[in-house]
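Structural overview
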Amino acid sequence: MTDAAELRRRTEELLAAYPPATTDRTNFLKARFDAGLAWVHYPEGLGGLGAPRSLQAVVDAELEAAGAPDNDPRRIGIGLGMAAPTILGYGTGEQKQRYLRPLWVGEEVWCQLFSEPGAGSDLAALGTRAVREGDDWVVNGQKVWTSSAHLARWAILIARTDPDVPKHRGITYFICDMTDPGVEVRPLRQITGEAEFNEVFLTDVRIPDSRRLGEVGDGWRVAQTTLNNERVAIGGMRLPREGGMIGPVSRTWRERPELRTHDLHQRLLKLWVEAEVARLTGERLRQQLVAGQPGPEGSGMKLAFARLNQEISGLEVELLGEEGLLYEDWTMRRPELVDFTGRDAGYRYLRSKGNSIEGGTTEVLLNIVAERVLGLPSEPRTDKDVAWKDLAR
Ligand SMILES: Cc1cc2nc3c(=O)[nH]c(=O)nc-3n(C[C@H](O)[C@H](O)[C@H](O)COP(=O)(O)OP(=O)(O)OC[C@H]3O[C@@H](n4cnc5c(N)ncnc54)[C@H](O)[C@@H]3O)c2cc1C
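Structure report, in brief. (Residues numbered from 1 in each chain as written. Predicted model: local features only at pLDDT ≥ 70, side-chain atom pairs only at ≥ 80, totals over all residues. Heavy atoms only, no water.)

We now examine helix H12 (residues 362-373). Looking only at H12, the buried set comprises Leu365, Ile368, Val369, Ala370 and Glu371. Considering only its buried residues, H12 is in contact with helix H6 (219-235) and helix H9 (298-320). Of the residues trailing H12, Gly375 is marked for its positive phi of about 70°. (Buried < 20%, exposed > 50% of the residue type's maximum accessible area, 1.4 Å probe, protein only. Helix = DSSP H or I, 4+ residues; strand = E, 2+ residues; numbered from the N terminus. Contact = heavy atoms within 4.5 Å.)

What follows covers the packing of aromatic side chains. Counted according to the given criterion, the structure contains eleven aromatic pairs. Ring geometry for Phe114 against Tyr173: centres 5.9 Å apart, planes inclined by 85°, an arrangement best described as edge-to-face. With a gap of 59 residues between them, Phe114 in the loop between strand S1 (110-113) and strand S2 (129-133) and Tyr173 in strand S5 (residues 171-177) connect regions that are remote in the sequence. Accessibility expressed as a relative area gives 0% for Tyr173, which makes it buried. Taking the centre distance of 4.4 Å and the plane angle of 50° together, the rings of Tyr327 and Trp330 count as tilted. Exposure remark for Trp330: the relative accessible area of 45% places this residue in the partly exposed category. Here the aromatic residues Phe33, Trp39, Tyr42 and Trp104 are joined through ring pairs into a cluster of three or more. The side chain of Arg153 reaches across the aromatic face of Trp154, ending 4.1 Å from its centre. (Phe/Tyr/Trp six-rings, centres within 6.5 Å; stacked < 30°, edge-to-face > 60°. Lys NZ or Arg CZ within 6 Å of the ring centre and 35° of its normal.)

Here you go:
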């Protein structure tokens, strides 16, 4: 078993062979991947060493101290947080070799073609069709809210391959080439003024069967790996103390004593403590992940993350008074990365509204926690045994 000392030794070797100051960023990242120091819990040959996931922090700290570049996780979050664990769990050897390295290095951006105009919370109702033709699948349909589709080289896609069976059973999971001529990406402007996400039209997109992930008809199970990892990726990212939304408001509080009131002080203290508890709970969750894939517990983190971001950014706007209402730039941007805590207080306030929708709405996550964590009775489901084609839409 690779331990912390061994990882330190390997990290020093990497730094000696590829000094960050004189090595091209991409070359350094490729060398880091090949040394098994990208995600240490991944298998050897795929960027890891089969080491405990918790030891990643050892490598990251050494590399940061040496001024080494990182792979800019905010830019490639969907690839790292969702596509990669799904490819690792269900991909063939060839698929893992082809996709994981450029994904981790950041040479290929990924997006997620799941939600549709008629299938968001009820994702299993999706209607995008994939029909087998020889060695290919021909895909037609529309996806929506697709973050980073305008930047993406690849997408994880779920589509209906069998309309004659109940909705959860007739879905298959694919890797879709976003450069296929049948893929059309159109921006959707958000409340922030930006267009982080898109609608995506798929017209006769041909996907070779070799880009199927998992068995035909097993796509719902494969998608659970993606969705469980998504909630951890959104709500459970590693942060230093005051690293998230609580950071900017705490700084303003310290630097601008003239803005303080007793009421805001009480609220800030309460939110500061809650943010710290959420951060530490995230640490514990990551330690549990050492034992395998995340389960529904990640939904709890994502719930807390969304609520806190909205309450904290609301407090920040109140603290800043009139200044907090200023929003200087409504130009439609196509951001390269999503930084929830970036820009100004107005941006944080507006962007955090989406936190309780993206990656599963708060209502739906409460249902998941109730049913699969607390073991409470499930919602009545009348469509479980009805063929998808016979469902009312
Ligand atoms: C910023 C952002 C980025 C996104 N990025 C992506 C992406 O990259 N790829 C992608 O595929 N999707 C993406 N999404 C889509 C997101 O996953 C969906 O918006 C979400 O799952 C909700 O689906 P919906 O919008 O269709 O709302 P609906 O499912 O129509 O929900 C409407 C309302 O009904 C409530 N509701 C629905 N069902 C229940 C229930 N059973 N019990 C109680 N209440 C219920 C919901 O909570 C919500 O309040 C993104 C969304 C946002 C906001």
